[in-house]
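Given next are the chains, with one letter for each unit.
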Amino acid sequence: MPDDEPTTEAKEPNMYLKTLNGSKQLINDCSMTVHEGFGSPGGDVAGNIQGGGWECAKADAWVKELTEHCKGIMGAFTDASLAVVVAANKEPDEVPEHDPRGLAWNRSWSIRRRNL
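Residues numbered from 1 in each chain as written. Predicted model: local features only at pLDDT ≥ 70, side-chain atom pairs only at ≥ 80, totals over all residues. Heavy atoms only, no water.

J.: Got a minute to help me understand the environment of W105 in this structure?
T.: Tracing the chain through its elements places W105 in helix 5 (residues 104-114). With a relative accessible area of 8%, W105 lands in the buried category. Residues W105 and M15 lie 90 residues apart in sequence; the distance between their C-alpha atoms is 5.9 Å. (Helix = DSSP H or I, 4+ residues; strand = E, 2+ residues; numbered from the N terminus. Buried < 20%, exposed > 50% of the residue type's maximum accessible area, 1.4 Å probe, protein only.)

J.: Hey, could you run me through the packing of helix 2 (residues 43-53) against helix 3 (residues 59-70) in this one?
T.: The packing of two helices is summarised by the inter-axis angle and the distance between the axes. Put simply, helix 2 and helix 3 touch, their axes get as near as 10 Å, and they point 170° apart. Accordingly, the angle class assigned to the pair helix 2 and helix 3 is roughly antiparallel. For helix 2 against helix 3, the interelement crossing comes out left-handed. On the side of helix 2, the interface is formed by V45, A46, I49 and Q50, while helix 3 contributes A59, W62, V63, L66 and T67. Split into classes, the residues belonging to the contact of helix 2 with helix 3 amount to 7 nonpolar, 2 polar and no charged. (Axes fitted to C-alpha atoms, helices over the stretch in contact; angles between N-to-C directions. Parallel < 35°, antiparallel > 145°, perpendicular 65-115°, else oblique. Left-handed = near helix turned anticlockwise from the far one by under 90°. Contact = heavy atoms within 4.5 Å. Nonpolar A, V, L, I, M, F, W, Y, C, P; charged D, E, K, R; others polar.)

J.: I tried to follow unusual backbone geometry on my own but got confused; where do I start?
T.: With the exception of glycine, the majority of residues adopt a negative phi angle, and the majority of peptide bonds are in the trans configuration. In this structure, H98 is a non-glycine residue whose phi angle is positive, near 75°. Residue position: H98 is located in the loop between strand 2 (94-96) and helix 5.

J.: Please explain the confidence of the model for the chain as it appears in this structure.
T.: Low-confidence regions, as indicated by low pLDDT, have predicted coordinates that should not be scrutinised in detail. Per-residue confidence for the chain gives a mean pLDDT of 84; residues scoring 70 or more make up 84%. Ranking the elements of the chain by mean pLDDT puts helix 5 last with 65 and strand 2 first with 97. (pLDDT = per-residue confidence, 0-100.)

J.: Help me out: how do you make sense of the nonpolar core in this one?
T.: Across soluble globular proteins, you tend to see nonpolar side chains buried next to one another. Counting 6 residues, the largest nonpolar core consists of A46, I49, A59, V63, L66 and C70. At the level of secondary structure, the elements contributing two or more residues to this core comprise helix 2 and helix 3. The biggest single contributor to this core is helix 3, with 4 residues. Not counting residues within four places of it along the chain, the set of residues in contact with C70 comprises S40, P41 and G42. Within the second largest apolar cluster, 5 residues are counted, among which are L20, I27, V84 and A88. (Core = buried A, V, L, I, M, F, W, Y, C linked by side-chain atoms within 4.5 Å.)

J.: Honestly, the side chain of E91 in this entry has me stumped. Any pointers?
T.: With respect to the secondary-structure elements, E91 resides in the loop between helix 4 (73-89) and strand 2. One polar contact links E91 to N14, side chain to side chain, over a distance of 2.9 Å. Look past the residues within four positions of E91 in its chain and what remains in contact with it is N14, Y16, L17, L20 and R101. (Polar contact = N/O pair within 3.5 Å; in protein donor to acceptor, adjacent residues only side chain to side chain.)

J.: Please clarify how the packing of aromatic side chains should be interpreted in this entry.
T.: Under the criterion given, the structure shown has 2 aromatic pairs. Measuring from centroid to centroid gives 4.9 Å for Y16 and W105, while their planes differ by 70°, and the two rings are edge-to-face. Of the two residues, Y16 is situated in helix 1 (residues 15-34) and W105 in helix 5; the sequence distance between them amounts to 89 residues. For the pair W54 and W62, a centre-to-centre distance of 5.7 Å together with 80° between the ring planes defines the contact as edge-to-face. The class of W62 is partly exposed, set by a relative accessible area of 38%. (Phe/Tyr/Trp six-rings, centres within 6.5 Å; stacked < 30°, edge-to-face > 60°.)

Rendered as C-alpha cells:
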C-alpha cells in the first residue's frame, strides 16, 4: 500500500454512550416515580401528618426531620442527570475497534455486575 493512501481505522458503535443515553431516561423515570409535582417528595406525607393524621408529641419533630431528609432528593436526580449529559457529550458515536467502550462494553458491564 503506498504511503499517500489514507488508512481507515476500523470502528464500532460506542456502547458506553448508548448506556449513558439510556441512563438519562432511567434517571428521569425514577425521579417521576419518587415525586411528580411541585415541592418536596415528602410534602404530601408531612401535610397529612400536620393536618391531624398523626397526633402525638413527636409528630412535629418527625415531620421536620422528614422534610430535612427530603430536601436534597430531587436535586440529586438533577445532578445525576447533568453528570450523565456531560459524560455523554464527551463521547464519540463510534470508537476504534476493540475499544472497551465499544462492543466489549456490554460484556465487561456484565462481568462487573457479577463481581459486585
